[in-house]
Amino acid sequence: MVDVQLTHREAGPEAMVAKVTIEGLDLWFDDAQVLKDVNCAIPEKAVTAIMGPSGCGKSTLLRAMNRMHDLTPSCRIRGKIRLDDLNIYDEGTDVYELRRRVGMVFQRPNPFPKSIFENVAYGLKIHGQRSRAALEQAVEKALRDANLWDEVKDKLHRSALDLSGGQQQRLCIARALAVEPEVLLLDEPASALDPVSTAKLEELIEKLQDDYTVVIVTHNLQQAARVSQYTAFLMLGELVEFGVTDEVFTAPADQRTENYLRGIFG
Amino acid sequence: MKFSRKFRQGFWFAMSGVSIVIVLGMLGLIIGFIVSKGADVISWEFLTDVPHKAMTEGGIWPAILGTLLLCLGAIVFALPLGLFAAIYLVEYSREGRLRRWIRIGVNSLSGVPSVVFGLFGLALFVNFLGFGACLLAGSLTLGLMVLPTIIRATEEALKSIPMSFREASLALGATRWNTTVRVVLPAAVSQILTGVILAVGRAAGETAPIMFTAAVFFTKRLPTGLFSKVMALPYHIYALMTEGTHPVEQTAMAYGTALVLLMLVLLVNGAAIFFRIRARKGKKW
């Protein structure tokens, strides 16, 4: 399970440029503290997995990175998250531009009840792209990048809801890619998919790291091992461990990580 | 023991069945009654001509047109207002005291009797704003009356759109307004239309809100503008049955008018059913 990861061993986090830096992040929903003093630097153009038991705050951490918590009135945040040099929680930050730069794909595929073309073109349209030619070009590129083009090129104007679950999820990735983000956040993207669709999705994720910084939340250990170069292990809102994936998996520095990997909780 | 349990179940199921028969029977009876009494006077002339000879002859075209115009006016006024109010409630306001009070207000508005709307319309639109009894005043009064229904229908429609669509849109950098206009409303539009059509179908049959604000007993002239007085089907029935000097002929005309009104409302409900089916078909999420 770990063998394929060995090639990455020499590339430690320090050799990489940090794309997203999280500094002293505390997060509460009402009075319940969900994240406690999380610090980590997510490397550019690599896949970083965030894993941990259910309810450990991994999705919460992910959603903090594109300010999706803005929609939750009970959510309070302290600390900093930097995208390059921009502190995303600064008052002057343009949250719409931030979310364009930091795309997100959700647990369940959620294509709009529109055509495949309109789904992918949506982001470009809301950001002001009106030229039909430019839209067509961008849609094709995004669908190719999401390994979906060959499957849908003849039915671009059919409803996206007619696609299979796996195709829908890749469509959601294409939709996110169309606005040319720098970071892609994937929130357990394969949890609603069958094994074949999952394999295709993982193949796609591996490819994406050539151009994008990918952060994937998963509770599936094998998946984390398969797709990621770096792994963060989160437990009860604390970042227990963050390192090169195969090191985290073979020689965890923290007893809690080891217990979790061996299937012992707590 | 076992027998009695079976018997009891059978009895109550039978009672439920009987209730359905009674309900549907009443509907059939109403339709049958109106058709049998009113079908005789229905003719092309009845539908397209103006009334003659103290309304004992001729047709009801001005009343049909008046009702259609009043409904149209009510929609033009109430739809945008109701739509934006519902959007505010569902998409913008946060759960809290303000939203609760707004809800209570909207619900109270829907509980106001229609004759009170009529009096209010008379005071505000006809007298205070000086419109006089006319198409405009009647439309506004009817619109006000259907407003809560439209708000509620739109609210339900918006709420039925999964949160995940909004999240997907926002995560792409859309504003909440963008999300509402480009994702939520298009997905909800069939359901909203269904609600609006049903509301207007109800408004078409109301007498009280228009009798002080818009309707006249008798006119040969078709409405020429917003400030024209109009005839309307429900008020026409009321007038035929309570005023005039030819009770026998007028009663026949009244049933004919009632049949036309009933058909109109059933037609409108049919349209609502059509939209509802279409809404369900597109809804696979």
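These numbers come from a predicted model, not from an experiment.

Draft legend 1. View of the overall build of chain B. Along chain B, the regular secondary structure elements total 11 helices and 2 strands. In sequence order, the secondary structure elements of chain B are arranged as α-α-β-β-α-α-α-α-α-α-α-α-α. Projected onto its principal axes, the C-alpha coordinates of chain B cover approximately 70 × 70 × 35 Å. Here chain B holds 285 residues, and the buried ones make up 39% of them. Counting only contacts in chain B whose residues sit at least 6 apart along the sequence, the fraction spanning at least 24 positions is 77%.

Draft legend 2. Local environment of the overall build of chain A. A count of helices and strands for chain A gives 10 helices and 10 strands. The C-alpha atoms of chain A give 18 Å as radius of gyration, which agrees with the globular expectation for 266 residues (18 Å, within 12%). When its C-alpha atoms are laid out on the principal axes, chain A stretches across 55 × 45 × 35 Å. Per-residue burial over chain A gives 46% buried out of 266 residues. Sequence-distant contacts in chain A: of pairs separated by 6 or more residues, those separated by 24 or more amount to 70%.

Draft legend 3. The packing of helix α4 (residues 97-111) of chain B against helix α6 (residues 135-159) of chain B, seen in detail. Residue and element names in this part refer to chain B. Two elements in contact, α4 and α6, have axes separated by 8 Å at closest approach and are oriented at 135 degrees. Judged by the inter-axis angle, α4 sits oblique to α6. By crossing handedness, the relation of α4 to α6 is classed as left-handed. Residues V106, L109 and S110 of α4 form the contact with α6, whose participating residues are L147, P148, T149 and I151. Within the contact of α4 with α6, the residues separate by chemical class into 5 nonpolar, 2 polar and no charged.

Draft legend 4. Representation of the interface of chain B and chain A within the structure. Taken residue by residue, the interface counts 18 residues in chain B and 22 residues in chain A. Those elements that provide at least two residues to the side of chain B that touches chain A are α7 (163-171) and α8 (176-204) of chain B. No other element matches the 6 residues that α7(B) contributes to the side of chain B that touches chain A. When its residues are assigned to classes, the side of chain B that touches chain A shows 9 nonpolar, 5 polar and 4 charged.

Draft legend 5. Summary view of α6(B). All names here are of chain B. Helix length check: α6, at 25 residues, gives a terminal C-alpha distance of 34 Å against a target of 36 Å (1.5 Å per residue), a fit within 8%. Roughly 40 degrees is the biggest bend found in α6, and it falls at V146, with proline P148 one to four residues downstream. In terms of burial, α6 is a largely internal element, 22 of the 25 residues being buried.

Draft legend 6. The domain arrangement of chain B, seen in detail. Looking at the assigned domains, one finds that chain B contains domain 1 (2-41) and domain 2 (44-282). Residue-level contacts link 8 residues of domain 1 of chain B with 8 residues of domain 2 of chain B.

Draft legend 7. Representation of the nonpolar core. Judged by nonpolar contacts, the single largest core of 155 residues is most densely connected at A174(A), L70(B), V146(B), V196(B), V200(B), A214(B) and A232(B). The greatest single-element share of this core, amounting to 14 residues, is contributed by α6(B).

Draft legend 8. Structural detail: the packing of helix α3 (residues 61-92) of chain B against α6(B). All names here are of chain B. Relative to each other, α3 and α6 sit at 35 degrees, their axes nearing to 6 Å. By crossing handedness, the relation of α3 to α6 is classed as right-handed. Its residues assigned to classes, the contact of α3 with α6 shows 21 nonpolar, 6 polar and 3 charged.

Draft legend 9. Representation of the pairing of strand β9 (residues 230-235) of chain A. Residue and element names in this part refer to chain A. Judged by how many residues are buried, β9 sits mostly within the fold: 6 of 6 residues are covered. The two faces of β9 match: Y230, A232 and L234 on one face and T231, F233 and M235 on the other face are all buried. One ladder, built from 6 bridges, connects β9 with strand β10 (residues 238-244); its direction is antiparallel. In the sheet register, A232 faces β10, and the bridge partner there is F242. Between β9 and β10, which pair antiparallel and follow one another directly, the connecting turn spans 2 residues, one of which, L236, has a positive phi of 50 degrees.

Draft legend 10. Quick look at the sheet that holds strand β8 (residues 213-218) of chain A. All names here are of chain A. In space, the 6 strands of this open sheet follow the order β6-β7-β8-β3-β9-β10, with mixed pairing throughout. Across the chains shown, the open sheet's two edge strands, defined by having one partner strand only, are β6 (102-105) and β10. Going across the sheet, the axis of each strand differs from the next one's by a mean of 15 degrees, ignoring polarity. Pairing analysis gives 4 bridges linking β6 to strand β7 (residues 183-187), with the strands arranged parallel. Looking at the pairing, G103 lines up with L184 of β7.

Draft legend 11. Local environment of the environment of D246(A). Within the fold, D246(A) resides in helix α9 (residues 245-250). Counting along the chain gives 18 residues from D246(A) to S228(A), while the straight-line C-alpha distance between them is 9.1 Å.

Draft legend 12. Local environment of the sheet that holds strand β5 (residues 86-87) of chain A. With antiparallel pairing, the 4 strands of this open sheet are ordered in space as β2-β1-β4-β5 (chain A). Strands at the two margins of the open sheet, each flanked by one partner only, are β2 (32-43) and β5 of chain A.

Draft legend 13. Structural view of the confidence of the model for chain B. All names here are of chain B. Averaged over every residue, the pLDDT of chain B is 88; the share at 70 or more is 96%. Taking the mean pLDDT of every element in chain B, the minimum, 76, falls on strand β2 (residues 57-58) and the maximum, 94, on α7. The complex prediction reports pTM at 0.83, with the ipTM value standing at 0.87.

Draft legend 14. Spotlight on the environment of R221(B). All names here are of chain B. Note that R221 resides in the loop between α9 (208-211) and α10 (233-242). According to the C-beta neighbour criterion, R221 is exposed, with 12 such atoms within 10 Å. In the structure, R221 is positioned 36 residues away from T257 in sequence and 18 Å away in space, judged by C-alpha atoms.

Draft legend 15. Structural view of α4(B). A rise of 1.5 Å per residue sets the reference length of α4(B), with its 15 residues, at 21 Å; its end C-alpha atoms lie 21 Å apart and thus fit the reference within 8%. Of all 15 residues making up α4(B), only 0 are buried, and the element is barely covered by its neighbours.

Draft legend 16. The arrangement of the pairing of strand β4 (residues 75-83) of chain A in detail. All names here are of chain A. Sheet topology note: the strand β1 (residues 18-29)/β4 ladder contains 8 bridges and is antiparallel. Bridging from a neighbouring strand, L27 pairs with I77 of β4. Inspection of the sheet shows β4 paired to β5 by 2 bridges, in the antiparallel sense. Across the sheet, R82 pairs through a bridge with N87, a residue of β5. Between β4 and the antiparallel strand that follows it, β5, lie 2 residues; D84 among them carries a positive phi value of about 50 degrees.

Analysis parameters
- Residues numbered from 1 in each chain as written.
- Chains lettered and ligands numbered in written order.
- Predicted model: local features only at pLDDT ≥ 70, side-chain atom pairs only at ≥ 80, totals over all residues.
- Helix = DSSP H or I, 4+ residues; strand = E, 2+ residues; numbered from the N terminus.
- Buried ≥ 20, exposed ≤ 12 C-beta atoms within 10 Å, placed from the backbone.
- Contact = placed C-beta atoms within 7 Å.
- Rg over C-alpha atoms; globule rule 2.2 N^0.38 Å.
- Axes fitted to C-alpha atoms, helices over the stretch in contact; angles between N-to-C directions.
- Parallel < 35°, antiparallel > 145°, perpendicular 65-115°, else oblique.
- Left-handed = near helix turned anticlockwise from the far one by under 90°.
- Nonpolar A, V, L, I, M, F, W, Y, C, P; charged D, E, K, R; others polar.
- Expected span 1.5 Å × (residues − 1).
- Bend = angle between axes of the 7 residues up to and from the residue.
- Domains from an automatic or database assignment.
- Core = buried A, V, L, I, M, F, W, Y, C linked by C-beta atoms within 7 Å.
- Pairing = 2+ DSSP bridges.
- pLDDT = per-residue confidence, 0-100.

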